[in-house]
Amino acid sequence: MDNISGDVSQIKDTVESLDQGVVMKWLTSLVPNLLSFALCVVLAIVVYGIGVKIIKVFRRMIKRAMTAKNTDIGVMQFVDQVIRITGYMILIVIILNLFGIQTSSVAAAIASLGLTAGLALQGSLSNFAGGVLILILKPFVVGDYILEHTHNNEGTVSEITIFYTKLNTVDHRVVVIPNGTLANSSLTNMTKNEQRFLDLVIPISYHDDIQTAKNVIKQVAETEESRIPDKEIKIFVKELGESSVDIGLRFWIPTEQYWDIRWRTLERLKYALDNAGITIPFQSLEVNVHEEA
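This text gives an overview of the structure that appears in the document. Remember, it's a predicted structure, so these values are computed and weren't measured experimentally.

## With respect to the overall build of the chain
Moving on, step 1. Summing up its helical and strand segments, the chain has seven helices and eight strands in all.
Moving on, step 2. For the chain, the residues scored as buried account for 28% of the 293 residues in total.
Moving on, step 3. Residue pairs at least 24 apart in sequence account for 63% of intrachain contacts in the chain once pairs closer than 6 positions are excluded.
Moving on, step 4. Of the roughly 20000 Å² that the chain leaves accessible, carbon and sulfur atoms contribute 60%.

## Describing the sheet that holds strand β6 (residues 195–204)
Backbone-to-backbone hydrogen bonds pair the strands of a sheet. The strands run either parallel or antiparallel.
Moving on, step 1. In spatial order, the strands read β6-β8-β7; together these three strands make up an open sheet with antiparallel pairing. With one partner strand each, in any of the chains shown, β6 and β7 (234–240) form the two edges of the open sheet. Direction aside, neighbouring strands of the sheet carry axes that sit 30° apart on average.
Moving on, step 2. Pairing analysis gives ten bridges linking β6 to strand β8 (residues 245–254), with the strands arranged antiparallel. Bridging across to β8, Leu-200 finds its partner in Leu-249.
Moving on, step 3. Across the sheet, helix α6 (residues 210–222) is in contact with β6, β7 and β8; its angle to β8 comes to roughly 15°.

## What to know about the environment of Ile-85
Moving on, step 1. Within the fold, Ile-85 resides in helix α2 (residues 73–98).
Moving on, step 2. The spacing of Ile-85 and Ile-55 is 30 residues in sequence and 9.7 Å in space, taken between C-alpha atoms.

## What to know about unusual backbone geometry
Moving on, step 1. Within the chain, Lys-138 stands out as a residue other than glycine whose phi angle is a positive 55°.
Moving on, step 2. In this fold, Lys-138 is placed in the loop between α4 (122–137) and β1 (145–148).
Moving on, step 3. Judged by relative accessible area, which is 37%, Lys-138 ranks as partly exposed.
Moving on, step 4. One non-glycine residue, His-172, lies in positive phi territory at about 65°.

## Considerations on the packing of aromatic side chains
Pairs of aromatic rings are described using the distance from one ring centre to the other and the angle between the two planes.
Moving on, step 1. This structure, assessed with the given rule, holds five aromatic pairs.
Moving on, step 2. A ring pair is formed by Phe-128 and Phe-163, whose centres lie 6.5 Å apart and whose planes are at 55°; its orientation type is tilted. Of this pair, Phe-128 sits in helix α4 while Phe-163 sits in the loop between β2 (153–160) and β3 (164–168), and the two are 35 residues apart along the sequence.
Moving on, step 3. For Phe-163, a relative accessible area of 34% puts it in the partly exposed group.
Moving on, step 4. Among the aromatic residues, those joined into a ring-pair cluster are Phe-78, Phe-128 and Phe-163.
Moving on, step 5. Over the ring of Tyr-258 we find Arg-196, and its NZ or CZ is 3.8 Å from the ring centre.

## Describing the pattern of salt bridges
Moving on, step 1. Tallying each qualifying case throughout the model produces nine salt bridges.
Moving on, step 2. Here Arg-173 ties to Asp-171 by a salt bridge, and the two come within 2.9 Å at their closest N and O atoms.
Moving on, step 3. In this structure Asp-171 comes out as partly exposed when scored by relative accessible area, which is 45%.
Moving on, step 4. Residue Glu-225 is joined to Arg-268 by a salt bridge in which the shortest nitrogen-to-oxygen separation is 3.6 Å. Of this pair, Glu-225 sits in the loop between α6 and β7 while Arg-268 sits in helix α7 (residues 258–275); the two residues are 43 residues apart in sequence, bridging distant segments of the chain.

## Digging into the packing of α6 against α7
Moving on, step 1. With their axes 10 Å apart at the nearest point, α6 and α7 run at an angle of 140° to one another. It follows that α6 is oblique to α7 by the angle criterion. The handedness of the crossing between α6 and α7 comes out as right-handed. Of the residues in α7, those touching α6 at Val-216, Ile-217 and Val-220 are Thr-265, Arg-268, Leu-269, Ala-272 and Leu-273.
Moving on, step 2. Tallied by class, residues from the contact of α6 with α7 come to six nonpolar, one polar and one charged.

## Topic: α2
Moving on, step 1. The terminal C-alpha atoms of α2 lie 38 Å apart, and with 26 residues this matches the ideal 38 Å at 1.5 Å per residue to within 8%.
Moving on, step 2. For α2, the full list of buried residues reads Gly-74, Val-75, Met-76, Gln-77, Phe-78, Gln-81, Ile-83, Gly-87, Leu-91, Val-93 and Ile-95.

## Regarding the sheet that holds β2
Moving on, step 1. Ordered in space as β4-β3-β2-β1-β5, the five strands form an open sheet in which the pairing is antiparallel. The open sheet terminates on both sides in strands that have one partner only, identified here as β4 (174–178) and β5 (187–189). Sheet twist, expressed as the mean angle between neighbouring strand axes with direction ignored, is 40°.
Moving on, step 2. The pairing of β3 with β4 spans five bridges and is antiparallel. Looking across to β4, one finds that Asn-168 is bridged to Val-174.

## Overview of the side chain of Asp-144
Moving on, step 1. Tracing the backbone through its elements, the reader meets Asp-144 in the loop between α4 and β1.
Moving on, step 2. Look at Asp-144: it is buried, it has no salt bridge, and the nearest opposite charge is Lys-192 at 5.1 Å.
Moving on, step 3. Among the polar contacts listed, one links the side chain of Asp-144 to the backbone nitrogen of Val-141, at a separation of 3.1 Å.
Moving on, step 4. Residues contacting Asp-144, with those up to four places away along its chain left out, are Gly-155, Thr-156, Val-157, Asn-189 and Thr-191.

Scoring rules and cut-offs
Residues numbered from 1 in each chain as written. Predicted model: local features only at pLDDT ≥ 70, side-chain atom pairs only at ≥ 80, totals over all residues. Heavy atoms only, no water. Helix = DSSP H or I, 4+ residues; strand = E, 2+ residues; numbered from the N terminus. Buried < 20%, exposed > 50% of the residue type's maximum accessible area, 1.4 Å probe, protein only. Contact = heavy atoms within 4.5 Å. Areas by Shrake-Rupley, 256 points an atom, 1.4 Å probe, with all protein chains shown as cover. Pairing = 2+ DSSP bridges. Axes fitted to C-alpha atoms, helices over the stretch in contact; angles between N-to-C directions. Phe/Tyr/Trp six-rings, centres within 6.5 Å; stacked < 30°, edge-to-face > 60°. Lys NZ or Arg CZ within 6 Å of the ring centre and 35° of its normal. Salt bridge = Lys/Arg side-chain N within 4 Å of Asp/Glu carboxyl O. Parallel < 35°, antiparallel > 145°, perpendicular 65-115°, else oblique. Left-handed = near helix turned anticlockwise from the far one by under 90°. Nonpolar A, V, L, I, M, F, W, Y, C, P; charged D, E, K, R; others polar. Expected span 1.5 Å × (residues − 1). Lys, Arg positive; Asp, Glu negative; His and termini not counted. Polar contact = N/O pair within 3.5 Å; in protein donor to acceptor, adjacent residues only side chain to side chain.

In structure tokens:
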């Protein structure tokens, strides 16, 4: 029995010594790898910090160069975003290389993911292509007031991004429209030209004198201080309606003052026609009741 107990204790000591030796060897082998990984992490943090600063400096340089050449604001916004995204992608590849991931492997992964993403993000790619077309063809630029006919969205263009265009409405809402929609649908650019017609229709009663009404309307148009003076004022009978004679008024004004002039002119016309005894008809419904005997 004593011999058996001695053998058992000897075996336990041997196993414990073996286990301790294996663990120590394993831990010792991990030390270089841990030090190498820690060094890579530190280098990655340093590279990231330096890379971010380089990207910001490069973006600032490109922006200054484009500003010096009076480049359109929308183009500047678009190019800035492309540079930012491209710069961060390059920075990520450099950091992956620090951890031993080869560029060729990254390129292969990006290529395989690109095909899948291309099929899944066809709308986004269409919006990107639409943004490029908008910047090349320039149907509008930042600062223009546009009306998009597909969904009747309108407002002042505040930003042209890679995938979307942002509009500021007159009541200070922000409308975001995909570039693909704007590039493939009709729209009206209200402020493309510096001058435009103010086109109004003033209905008068059939009982009123047309020439008197035209004289009153002409006087209101001539006294508009923001009207372009060397352009002709046109006043004409546009249509004989069901309950009114529609008088048309057209004269040239600065585009940027369109709404202020329109609202002011409509108010002045109402007062002037009232003072001249000219009636502006409104829709009415006449009901005849017949009693049966």
